[in-house]
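# Observations on the model geometry
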Amino acid sequence: MPLLKSLSKKPSASKSAFRLKGGLFPLTLLEISHYERADFEQQLTNKAAEAPIFFNQTPVVLSFEEFDGDISTLPLGELVNICKAQGLLPVALRNSNTELQTQAKHIDLAIMPVGRVKPSKDVTEAEPETAPPENTSVAEKNEDTDEPNAARSAEARSEFSHSPTKTVTTPIRSGQQVYAPGGDLIIMASVSAGAEVLADGNIHIYGALRGRALAGVRGDTSARIFCQSLEAELVSIAGNFKVDEDLRKDHWKSAVQASLDEHTLCITPLV
Amino acid sequence: MAKIIVVTSGKGGVGKTTTSAAISSGIAMRGHKTVVIDFDIGLRNLDIIMNCERRVVYDFVNVINGEANLRQALIKDKRAENLYILPASQTRDKDALTVEGVERILNELAADGFEYIICDSPAGIEHGAFMAMYFADMAIVVANPEVSSVRDSDRILGILQSKSRRAERGERVEECLLLTRYNPERVAKGEMLGVTDVEEILATKLLGVIPESETVLKASNQGIPVIHDIESPAGQAYSDAVGRLLGEEVEHRFMSVEQKGLFKRLFRRSA
Ligand SMILES: Nc1ncnc2c1ncn2[C@@H]1O[C@H](COP(=O)(O)OP(=O)(O)OP(=O)(O)O)[C@@H](O)[C@H]1O
Ligand SMILES: [Mg+2]
């Protein structure tokens, strides 16, 4: 796992034009069960009227897992155009077949591997105004998320949660490691010295942070770390880190959040 | 149903064997049929503290290997009516302990009507310590008021709640902390961690605080578990701890230098 790999605080002398970084974004699935042009267009228009904020250049993955009928003959280009007209931007296909994939290539759609999907609720019905998209993370399906020996007994992961948040209610002890792949980690206790907590998203600690906390381990620079008492050995966001000695200077033993400003890790008090 | 209690610490020499001898004697003296098992294979300390080393014929490993039965190996304590000792082998190594073997002996002891099975763990986090804790329903984690000991205890708590059989079944091992060799004067001078520091770091229930006392060494040289010395603060502190273990509400003592003053003040206020 690329935890501290991208640490280099200063870019190398010969500036490279780009960097490839892991990103993890929530994507909405448009699960299509049947297609008949007029009907589809009407339904989608109605939906867009219900949740205008959501239908705003929103990337979606077209999924045909529940499609009844033959998808080989589906007019993919037409379907995509209807979506675009309503503010949805199809970016990829999943659960398709070879015929459909050939069509997809012509209209520049990516092919997503078939994989495990979280139990889904209709996003727009769930919360029509804010419409948090279904968390179907690309990274989670593409990569083997090898979960380190976590405090297994302690973790509780709700089957019905919208995001893959991992919640731990017991202390994380020295020598233990807990990782929340694809989402946030919430710890309702302290993290001991010699323990390590990691998340692809944010880390919330309702207790003291005495060990190591690494958020955004797949490169999400917007990830944050919150804790009630900063006594950490190391705090890292997307590979940008501070160790104990730096951390002691300010806000030691107080409630703080850590976030990234450009490539600088900032520790600010929580009021 | 027998209750299996492991006395463990991670760090060596903190007072596990002293505690096992005292606690098992104390529980037995209150009328419960109790056995204390020495898991420190190859070292044999418990039988010396219990003053029965000359009565050892068969040991724990003999019973596991079927070379003797339990009845032959159990030594009846001369002081406490309901107490039996299962000594360790001096000649074998720790690998003689197997999960199946240990489980069989524990089941036999339970079937024999033992109410409490106290397991005196060796130091470290290796095989012997693992065997001692694996079947535990409850753990008494012994720590001295210093950073390295507390850190090791934290580690042991983590292992306990993730690797024990209860953990494997998704249950928790009941845990409690026994702070031994506590010296309030040195705590006041800042040379040792205080009770509240340790409690805060370990975030676990405090079973008791055993003061540093030379009567402990004297008692172990004489082969009399210190709990029999009702004059000594250490003996009294162990008695209190046994009371709490059996569910009584017992006020903590021996924690501060000016303890009498504090008590008086408390009484006056509540009156
Ligand atoms: N409360 C106390 N006051 C003074 N000395 C103590 C106290 N408790 C234990 N000791 C002493 O500390 C030493 C180690 O105790 P003990 O053998 O019980 O530790 P242990 O944790 O079982 O050690 P090991 O890890 O080697 O098995 C002994 O000499 C014992 O007399
Ligand atoms: Mg010992």
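As a reminder, the structure under discussion sits directly above these lines.
Rules used in this analysis
- Residues numbered from 1 in each chain as written.
- Chains lettered and ligands numbered in written order.
- Predicted model: local features only at pLDDT ≥ 70, side-chain atom pairs only at ≥ 80, totals over all residues.
- Heavy atoms only, no water.
- Helix = DSSP H or I, 4+ residues; strand = E, 2+ residues; numbered from the N terminus.
- Buried < 20%, exposed > 50% of the residue type's maximum accessible area, 1.4 Å probe, protein only.
- Contact = heavy atoms within 4.5 Å.
- Areas by Shrake-Rupley, 256 points an atom, 1.4 Å probe, with all protein chains shown as cover.
- Near = heavy atom within 4 Å.
- Polar contact = N/O pair within 3.5 Å; in protein donor to acceptor, adjacent residues only side chain to side chain.
- Nonpolar A, V, L, I, M, F, W, Y, C, P; charged D, E, K, R; others polar.
- Core = buried A, V, L, I, M, F, W, Y, C linked by side-chain atoms within 4.5 Å.
- Buried area = accessible area lost by both parts, 1.4 Å probe.
- Salt bridge = Lys/Arg side-chain N within 4 Å of Asp/Glu carboxyl O.

## A short note on the overall build of chain B
Secondary structure summary: chain B contains 13 helices and 8 strands in total. Every one of the 271 residues in chain B was classed for burial, and the buried ones make up 54%. Sequence-distant contacts, at least 24 apart, represent 74% of the contacts inside chain B between residues at least 6 apart. Entry remark: accessible area of chain B is about 12200 Å², with carbon and sulfur atoms responsible for 48%.

## Focus: the site of ligand 1
Residue and element names in this part refer to chain B. Taken together, 16 residues lie around ligand 1, and Gly-13, Lys-16, Thr-17, Thr-18 and Arg-181 are the ones closest in. With respect to ligand 1, the backbone of Gly-15 contributes an N or O atom lying 3.0 Å from an oxygen atom. In the model, a nitrogen atom of ligand 1 is placed 3.1 Å from a nitrogen or oxygen of the Pro-211 main chain. Where the shell around ligand 1 is concerned, the elements lending two or more residues are helix H1 (16-29), strand S8 (206-211) and helix H11 (214-222). With 3 residues, the single largest contributor to the shell around ligand 1 is H1. Residue classes in the shell around ligand 1 are distributed as 6 nonpolar, 6 polar and 4 charged.

## Looking at the nonpolar core
All names here are of chain B. Residues Ile-37, Phe-39, Phe-60, Leu-86, Val-102, Leu-109 and Ile-117 are the most contacted members of the largest nonpolar core, which totals 51 residues. The biggest single contributor to this core is helix H7 (residues 147-163), with 5 residues. When near neighbours in sequence (up to four residues on either side) are disregarded, Phe-60 contacts Ile-37, Asp-38, Phe-39, Ile-41, Leu-86, Pro-87, Leu-97, Val-102 and Ile-105. The next biggest cluster of nonpolar side chains, apart from the first, holds 37 residues, and it includes Ile-23, Ile-27, Ile-75 and Ile-118.

## Quick word on the environment of Asn-51 of chain B
All names here are of chain B. Within the secondary structure, Asn-51 sits in the loop between helix H2 (46-49) and helix H3 (60-64). For the pair Asn-51 and Gln-222, spaced 171 residues apart in sequence, the C-alpha separation works out to 7.5 Å. Those residues within four positions of Asn-51 in sequence are excluded, and the remaining contacts are Gln-222 and Gly-223.

## Here's the deal with the interface of chain B and chain A
Listed as interface residues are 15 residues of chain B and, on the opposing side, 13 residues of chain A. Roughly 1200 Å² of surface becomes buried between chain B and chain A when both sides are summed, with 40% attributable to carbon and sulfur atoms. Considering only the surface of chain B that becomes buried against chain A, Arg-151, Asp-154 and Arg-155 of chain B emerge as the three largest contributors, covering 35% of it. The tally of links between chain B and chain A comes to 3 salt bridges. Taken together, chain B and chain A are joined by 7 residue pairs in polar contact (both at pLDDT 80 or more). Residue assignment for the side of chain B that touches chain A shows that the elements contributing at least two residues are H7 and helix H10 (195-202) of chain B.

## Here's the deal with unusual backbone geometry
Residues and elements named next belong to chain A. Of note, the phi angle at Ala-238 is positive, near 50°, even though the residue is not glycine. Note that Ala-238 resides in the loop between strand S13 (234-237) and strand S14 (240-243). Residue classification places Ala-238 among the buried positions, given a relative accessible area of 9%.

## Digging into the side chain of Gln-176 of chain A
Position of Gln-176 of chain A among the secondary structure elements: in the loop between strand S6 (166-168) and strand S7 (177-180). Gln-176 of chain A gets classed as buried once you look at its relative accessible area, which sits at 9%.

## Some thoughts on the pattern of salt bridges
For the structure on display, the rule yields 23 salt bridges over all chains. The residue Arg-37 of chain A makes a salt bridge to Glu-78 of chain A at a minimum N-O spacing of 3.7 Å. Of this pair, Arg-37 of chain A sits in helix H1 (residues 37-50) while Glu-78 of chain A sits in helix H2 (residues 76-85), and the two are 41 residues apart along the sequence. Its salt-bridge partner being Glu-108 of chain B, residue Arg-104 of chain B comes within 3.6 Å of it at the nearest N-O pair. On the criterion of helical spacing, the pair formed by Arg-104 of chain B and Glu-108 of chain B is a turn pair, its members being 4 residues apart in helix H5 (residues 99-111). In this structure Arg-104 of chain B comes out as partly exposed when scored by relative accessible area, which is 37%.

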